[in-house]
Amino acid sequence: MKSLIENRFGLPVLVLAALLALYGVAAATRPAPAAEPPPGPRKVPVAAVTTVCPDSAGAQIGVVTPPGGEAVTPGETRVAAGDKVLDTLREPGRLWHETAPDGTGPVTVTATGSGAAGLESAQTRRETSGRHRGLAGTRCVEPAASTWLVGPGPAAADVTLHLTNADLAGAVVEILIYSGEGQVVNETGGILTLDPGESRTVDLADLAPSPLVMAVQVRTGPGRVTAGARAVMDDGRGVDWLPVSAPPATRVVVPAVPGGGGRRELLVATPADTDTLVEVKALTPDGTYALKGRELVEVPAGSVATVDLSTGIGGQPAALVLTSETPIVAGLVATGTGKKPDVAFTAGAAPIDLGSVVADNRTGGGRSSRLLLAAPDTPGKVSVQVLPRSGEAPEPFELAVAAARVKEVKLPEADGAFAVVVLPLPGSGPVYGGRVMDEKLDDGLALTVQPLAAARMWAMVPPVTESAAVVLP
């Protein structure tokens, strides 16, 4: 050691050895660094939206992008029927509302950038006589891999399914039908192929002629399609479109059950292979309660059960809360009053946590549009903004919805069609709702219902990481 110290290089060597020893001890005793949480999806403004309004001939079409969206880039909205562009819109906050010419098929609405965030479109057709007498309205929907529809079957109505492939890739479509007697099996299997841009109609009587009520699932693999169904009731009992139902879940809220006279029939379906019991509670302006004698509904495996609620809710506006241990889908058939009653449909819906827009409303001249808002769990509070077709928009107004109650709100009279934007306010609990539009005709009340759907404001983008796996076989 003495010789090492006396060596001219000895001292540096000793210092280096000491530092290495200290570093080794520190490295061995240092706690392991906390693992970084894996990246999650990012919430980004919607940059592009495509919706399809089915069979728009003679219908009034409303298209609107609400103001105030967080657009990434400037954009526009194009309204087209096939290869023909009906109009191009560049101003958010202004309602476009026109009647589609006779012979018009599906109308496709495509929005990008500033035109996409919150885009809504809807169609309503009004007939005062004939087989299609009544109001028939529907929200124009986006392409999806799975769509559920609940309503009358071909034994009670002419039900036509309208399919459109608005994507750039082909789609293979499978149509599954559930009836009161169980799942329907047919020879063709309900499978068809749609090329990019192709539209097709399917008479559901060709697949299942006997059901009085039904639940229909339209699913694709690969590809996506838009699916809508129009039911023309037998014996002149009205016409309307079936709204898209929320996917199967163990808790389903059916909003916007219109008040007044006429039949109210609840339809509950389960695609599961086991029987299930469904608890039914009604929310009204007076409170929530179990329906006497109809508190529990037994739904056999793979089938649809019906419950007559005509006297159960006493003609009040209502919402229904259904709970089950097995996932279910649900809808409701509402029949109006008069010598020639009309029909309307509502279905299970999601809460409007991101807000909601209804693009086609009218008031005055015997016509009425009103919101039915429900807060099943905790009090709700929303802002309501009317967007007219022309002129300045009035100031939004606020509404409070008591817990476990339904609130009915008549929309103000306006000169012509208008859109309405419903936004939850800070501190609000989950709010569900729908818009009821009706018109007093000489021979009876015409009506249609549109459940409120979550606004197309945001998209969840999955995390992106570098990986050689994307180029390796």
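Structural notes, computed from the coordinates. (Residues numbered from 1 in each chain as written. Predicted model: local features only at pLDDT ≥ 70, side-chain atom pairs only at ≥ 80, totals over all residues. Heavy atoms only, no water.)

Considerations on the sheet that holds strand 6 (residues 96-99)
Adjacent strands of a sheet form backbone hydrogen bonds with each other and so pair up, either parallel or antiparallel.
In step 1: Strand order in the open sheet made by the four strands is 6-3-8-9, with antiparallel pairing throughout. Two strands close off the open sheet at either side, each with one partner strand: strand 6 and strand 9 (134-139). Across the sheet, the axes of successive neighbouring strands diverge by a mean angle of 15°, strand direction being ignored. (Pairing = 2+ DSSP bridges. Helix = DSSP H or I, 4+ residues; strand = E, 2+ residues; numbered from the N terminus. Axes fitted to C-alpha atoms, helices over the stretch in contact; angles between N-to-C directions.)

Thoughts on unusual backbone geometry
In step 1: Cis geometry is adopted by the peptide bond preceding Pro222, which originates at Gly221 and carries an omega value of 0°.
In step 2: Note that Pro222 resides in the loop between strand 16 (213-220) and strand 17 (226-233).
In step 3: Phi is positive for Ala404, close to 60°, though the residue is something other than glycine.
In step 4: Residue classification places Ala404 among the buried positions, given a relative accessible area of 17%. (Buried < 20%, exposed > 50% of the residue type's maximum accessible area, 1.4 Å probe, protein only.)

Topic: the pairing of strand 16
In step 1: Judged by how many residues are buried, strand 16 sits mostly within the fold: seven of eight residues are covered.
In step 2: Judged from the seven bridges that link them, strand 12 (residues 171-179) and strand 16 form a sheet pairing that is antiparallel. The partner of Ile175 across the bridge, within strand 16, is Val218.

Structural notes on the packing of aromatic side chains
In step 1: Counted according to the given criterion, the structure contains one aromatic pair.
In step 2: Pairing Trp148 with Tyr178 gives two aromatic rings, centres 5.9 Å apart and planes at 25°, and the pair type is stacked. Taken together, the residues span a long stretch of sequence, with Trp148 in strand 10 (residues 146-152) and Tyr178 in strand 12 at a distance of 30 residues. Exposure class is identical for Trp148 and Tyr178. Each is buried. (Phe/Tyr/Trp six-rings, centres within 6.5 Å; stacked < 30°, edge-to-face > 60°.)

Topic: the nonpolar core
In step 1: Formed by 37 residues in total, the largest nonpolar core has its most connected members in Leu161, Leu163, Ile175 and Leu204.
In step 2: With six residues, the top contributor of residues to this core is strand 12.
In step 3: Beyond its immediate stretch of four places on either side in the chain, Leu204 contacts Pro154, Val159, Leu161, Ile175, Ile177, Pro209, Met214 and Val216.
In step 4: With 22 residues, the next largest nonpolar core counts Val280, Val297, Val307 and Leu332 among its residues. (Core = buried A, V, L, I, M, F, W, Y, C linked by side-chain atoms within 4.5 Å. Contact = heavy atoms within 4.5 Å.)

Regarding the pattern of salt bridges
Close approach of charged atoms allows side chains with opposite charge to pair.
In step 1: Counting across every chain of the model gives 21 salt bridges.
In step 2: Here Arg456 and Glu142 are joined by a salt bridge, their closest N and O atoms 2.8 Å apart. Remark: Glu142 occurs in the loop between strand 9 and strand 10 and Arg456 occurs in the loop between strand 35 (444-451) and strand 36 (458-461); sequence separation between them is 314 residues.
In step 3: Since its relative accessible area comes to 5%, Arg456 is described here as buried.
In step 4: Connected through salt bridges with shared partners, the residues Glu120, Arg139, Glu142 and Arg456 form a single ionic network. (Salt bridge = Lys/Arg side-chain N within 4 Å of Asp/Glu carboxyl O.)

Describing the state of the cysteines
In step 1: All chains considered together, the criterion is met by one disulfide.
In step 2: One disulfide in the model links Cys53 with Cys140; its S-S distance is 2.0 Å. Judged by the sign of its S-S torsion, about 105°, the bond between Cys53 and Cys140 is right-handed. Residue Cys53 is found in strand 2 (residues 48-53), and its partner Cys140 is found in the loop between strand 9 and strand 10; the two are separated by 87 residues along the sequence. In this pair, the class of Cys53 matches that of Cys140, namely buried. (Disulfide = S-S within 2.5 Å.)

Brief notes about the side chain of Gln123
In step 1: Looking at where Gln123 falls in the secondary structure, it is placed in strand 8 (residues 120-127).
In step 2: Its relative accessible area of 2% is what places Gln123 among the buried residues.
In step 3: At 3.0 Å, the side chain of Gln123 and the backbone oxygen of Pro54 are in polar contact. (Polar contact = N/O pair within 3.5 Å; in protein donor to acceptor, adjacent residues only side chain to side chain.)

Considering the side chain of Ser245
In step 1: Mapped onto the elements, Ser245 comes out in strand 19 (residues 244-245).
In step 2: For Ser245, the contacting residues outside a window of four places in its chain are Trp148, Val150, Val329, Ala330, Ala347 and Gly348.

So, the environment of Gly153
In step 1: Within the secondary structure, Gly153 is located in the loop between strand 10 and strand 11 (157-164).
In step 2: Looking at Gly153, the relative accessible area reads 0%, which means it is buried.
In step 3: Taking the C-alpha atoms as reference points, Gly153 and Leu204, 51 residues apart in sequence, are found 8.1 Å from one another.

Observations concerning the sheet that holds strand 4 (residues 77-81)
In step 1: Read across the open sheet, the four strands follow the order 2-7-4-5; overall the sheet is antiparallel. The sheet is open, and its two edges are formed by strand 2 and strand 5 (84-89), each paired on a single side. Within this sheet the neighbouring strands show an average axis-to-axis angle of 15°, counted without direction.
In step 2: Pairing of strand 2 with strand 7 (residues 107-112) involves six bridges; the strand directions are antiparallel. Residue Val49 lies in a different strand from strand 7, and its bridge partner there is Ala111.

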